[in-house]
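Analysis of the macromolecular model
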Amino acid sequence: FLAVLFSIRFVDWNSRKPFLKDLGRVSLGTPVAQADEIMDDYMKGTGTLTQVDEQGRIISGTINYRHTTAGWGNSDYGILTIADGRVVDVDFLPD
């Protein structure tokens, strides 16, 4: 009984916990391509002021990720702020 009680915290009951784990893997200074690879399983959007180069790579601005469209978490956003092609800020805005 105690083993089950203590192991319950490791169970992913919904998609928020894995999303936060992946978002936590993105550290400051990470190149945009590597951050995209880490967050590849999630819905991606960009800010209106995001700047891209000729190849479509993001130079500066924001990238936001969502893990679900279900009502309980449809406005959970992981936001990466980009400058010079690298992550300069990682933020989570919960539903």
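Details of the structure are given in the entry above.
A few points on the structure. No experiment lies behind these values; they were computed from the predicted model shown.

Thoughts on a nonpolar patch on the surface
Among the surface-exposed residues, Phe-1, Leu-2, Leu-5 and Phe-6 lie close enough to one another that they form a single nonpolar patch of about 530 Å² accessible area. Along the polypeptide, Leu-2 turns up in helix α1 (residues 2-7). Given the relative accessible area of 54%, Leu-2 is considered exposed.

Thoughts on the nonpolar core
Note that soluble globular proteins tend to have their nonpolar side chains buried in a common cluster. In this structure, Val-26, Met-39, Ile-63, Tyr-65, Leu-80, Ile-82 and Val-87 are the most contacted members of the largest nonpolar core, which totals 14 residues. The set of elements that each furnish at least two residues to this core consists of α2 (16-25), α3 (32-38), β3 (58-66) and β4 (77-83).

Quick look at the packing of aromatic side chains
Considering all chains together, one arrives at two aromatic pairs under this definition. Both rings, one in Phe-19 and one in Tyr-42, keep their centres 5.0 Å apart while their planes meet at 80 degrees; by these two values the pair is edge-to-face. With Phe-19 in helix α2 and Tyr-42 in the loop between α3 and β1 (43-46), this residue pair connects regions lying 23 residues apart in the sequence. For Tyr-42, a relative accessible area of 13% translates into the label buried. Clustering of aromatic rings is evident, with ring pairs tying together Phe-19, Tyr-42 and Phe-92.

Quick notes on the pairing of strand β5 (residues 86-93)
Inspection of the sheet shows β4 paired to β5 by seven bridges, in the antiparallel sense. When the bridges of β5 are listed, Tyr-77 appears paired with Leu-93. Between β4 and β5, which pair antiparallel and follow one another directly, the connecting turn spans two residues, one of which, Asp-84, has a positive phi of 55 degrees.

Some thoughts on the pattern of salt bridges
Taken as a whole and judged by the stated rule, the model has four salt bridges. The shortest N-O distance in the salt bridge between Asp-76 and Arg-16 comes to 2.6 Å. One end of the pair, Asp-76, is in the loop between β3 and β4; the other, Arg-16, is in helix α2, and 60 residues separate them in sequence. Asp-76 sits in the buried class, given a relative accessible area of 0%. Where Asp-53 meets Arg-57, a salt bridge forms, and the shortest distance between an N and an O atom there is 3.1 Å.

What about the environment of Ala-35?
Relative to the assigned elements, Ala-35 resides in helix α3. Take Ala-35: its relative accessible area is 1%, and that puts it in the buried class. Residues Ala-35 and Thr-69, 34 residues apart in the sequence, show an inter-C-alpha distance of 21 Å. Look past the residues within four positions of Ala-35 in its chain and what remains in contact with it is Val-26, Thr-30, Tyr-65, Leu-80 and Val-87.

Definitions and limits used
All residue numbers here refer to positions counted from 1 along the written sequence of the relevant chain. In keeping with the model being predicted, local features are shown solely for residues with a pLDDT of at least 70 and side-chain atom pairs are shown and tallied solely at 80 or more, while totals for entire chains, interfaces and linings include all residues. Only hydrogens and water are set aside; all other atoms, that is, all heavy atoms of the structure, feed into the side-chain values. For patch detection, residues must exceed 30% relative accessible area and be free of salt bridges, and they are connected within 9 Å for like charges or within 5 Å for nonpolar side chains (Val, Leu, Ile, Met, Phe, Trp, Tyr). A 1.4 Å probe and the Shrake-Rupley method give the accessible areas. Residues count as covered only by the protein chains that appear here. Only one rule defines a salt bridge in this text: a Lys or Arg side-chain nitrogen within 4 Å of an Asp or Glu carboxyl oxygen. Secondary structure follows DSSP: runs of H or I at least 4 residues long count as helices, runs of E at least 2 residues long count as strands, and numbering of each begins at the N terminus. Whether a residue is buried, partly exposed or exposed follows from its accessible area with a 1.4 Å probe, protein chains only, as a fraction of its type maximum: under 20%, in between, or over 50%, in that order. Only buried residues count toward a nonpolar core, which is a set of Ala, Val, Leu, Ile, Met, Phe, Trp, Tyr and Cys residues joined through side-chain atoms within 4.5 Å. By convention, a stacked pair of Phe, Tyr or Trp rings (six-membered ring in the case of Trp) has centres within 6.5 Å and planes under 30 degrees apart, an edge-to-face pair has planes over 60 apart, and any other such pair is tilted. Pairing between strands is defined by DSSP: at least two bridges between the two strands are required. The contact rule is simple, with two residues in contact once any of their heavy atoms fall within 4.5 Å.

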